[in-house]
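# Analysis of the macromolecular model
Next come the chains, spelled out residue by residue.
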Amino acid sequence: LRDRRAFVSFLSSSKTRIMLNPAAGDIGAFVGQLRASIAGSPERADLHMALGLALQSEDIQHHTGGTLQPEALAAYETAYRLGVDPSQHTSLLVNTGILLTTMSRPKEALRYYQDALDFKASTSAQRLQAHFHRAQAFSAMGELADAEREYLAVLDLDPLYSRAYESLAALAKDDPKSRVSWGRLASKADSALVAARARLEADAEL
């Protein structure tokens, strides 16, 4: 999980009942409390997911060298087995995929991203993230054509998603067979900008 605010929002929900001080921003300080909560309520999938998110975020922020990753993966797998709330299901799948890719296991990550895409309750924003990180997994495997296809799927969902353009440009340098039509993408982005501007002007008139 790369967005600390999303982590704090999840952990602060009524279901987790974990006392936080979001201003402190020290996610690592909550890991011990989460472990203790799990010891008292091992059947709660939301606590296991929260622990996975905390460990994954701590690993990213403080560069722990991957020492926290196995425990984070075990927490995610337990949450998946117990069954999280449907509103958290896609987030669990995508974050598990991200973790597996980080652990140099991108082929295993693909299944989680596909499950996220197949889950009917996934929102458009969640599907975008599943496609984006699926592309990164393919790239890590050296499957550049598949990675390119996934980045283009991201831009079908959001023609203004800058990270997809940056990733496609990086791929183009490594893949001489790239068939990306930059002119078509630029036209799509222009159309999206025009539509966004029209929505803003319409909202301003209300």
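Our subject in this report is the structure included herewith.

Reading guide: rules and limits
- Residues numbered from 1 in each chain as written.
- Predicted model: local features only at pLDDT ≥ 70, side-chain atom pairs only at ≥ 80, totals over all residues.
- Heavy atoms only, no water.
- Helix = DSSP H or I, 4+ residues; strand = E, 2+ residues; numbered from the N terminus.
- Buried < 20%, exposed > 50% of the residue type's maximum accessible area, 1.4 Å probe, protein only.
- Contact = heavy atoms within 4.5 Å.
- Axes fitted to C-alpha atoms, helices over the stretch in contact; angles between N-to-C directions.
- Parallel < 35°, antiparallel > 145°, perpendicular 65-115°, else oblique.
- Left-handed = near helix turned anticlockwise from the far one by under 90°.
- Nonpolar A, V, L, I, M, F, W, Y, C, P; charged D, E, K, R; others polar.
- Expected span 1.5 Å × (residues − 1).
- Core = buried A, V, L, I, M, F, W, Y, C linked by side-chain atoms within 4.5 Å.
- Salt bridge = Lys/Arg side-chain N within 4 Å of Asp/Glu carboxyl O.

### Concerning the overall build of the protein chain
Along its length, the protein chain carries ten helices and zero strands. Start at the N end of the protein chain and walk to the C end: the helices and strands fall as α-α-α-α-α-α-α-α-α-α. Scored against the burial criterion, the 206 residues of the protein chain give a buried share of 45%. Of all intrachain contacts in the protein chain linking residues separated by at least 6 positions in sequence, the fraction that spans at least 24 positions is 50%.

### Examining the packing of helix 6 (residues 106-118) against helix 7 (residues 124-140)
Between helix 6 and helix 7, the shortest axis-to-axis distance is 9 Å and the interhelical angle comes to 160 degrees. By the angle between their axes, helix 6 is roughly antiparallel relative to helix 7. Read as a crossing pair, helix 6 and helix 7 show a hand that is left-handed. Taken together, the residues of helix 7 that come into contact with helix 6 (itself represented by P106, L110, Y113, Q114, A116 and L117) are R127, A130, H131, H133, R134, A137, F138 and A140. Grouping the constituent residues of the contact of helix 6 with helix 7 by class yields nine nonpolar, three polar and two charged.

### Looking at helix 7
Spanning 17 residues, helix 7 covers 24 Å between terminal C-alpha atoms, matching the ideal 24 Å at 1.5 Å per step. Of all the positions in helix 7, only L128, A130, H131, F132, H133, R134, A135, A137 and F138 are classed as buried. In this structure, the buried side of helix 7 is in contact with helix 5 (86-102), helix 6, helix 8 (144-157) and helix 9 (162-174). Among the residues trailing helix 7, G142 stands out with phi positive, at a value near 85 degrees.

### Points about the nonpolar core
In terms of nonpolar packing, the biggest core is built from 48 residues, with L51, Y151 and Y161 touching the most fellow members. Breaking this core down by element, the ones donating at least two residues are helix 2 (31-40), helix 3 (45-62), helix 4 (69-82), helix 5, helix 6, helix 7, helix 8 and helix 9. No other element matches helix 3, which puts eight residues into this core.

### Re the side chain of S122
Secondary-structure assignment places S122 in the loop between helix 6 and helix 7. The exposure class of S122 is buried, given its relative accessible area of 10%. Among all residues touching S122, those that are not within four sequence positions of it are T90, A116 and R127.

### Quick look at the pattern of salt bridges
Under the definition given, this model contains seven salt bridges. Between D46 and R44 there is a salt bridge, and its shortest N-O distance comes to 2.9 Å. We note that D46, like R44, is buried. Its salt-bridge partner being R111, residue D115 comes within 3.8 Å of it at the nearest N-O pair. A residue pair is termed a helical-turn pair when its members lie 3 or 4 positions apart in one helix, as D115 and R111 do in helix 6 at four residues.

### Considering helix 6
Its 13 residues place the ends of helix 6 18 Å apart at the C-alpha level, agreeing with the 18 Å of an ideal helix rising 1.5 Å per residue. Three or more residues of helix 6 are buried, namely P106, A109, L110, Y112, Y113, A116 and L117. Here the buried face of helix 6 lies against helix 5 and helix 7.

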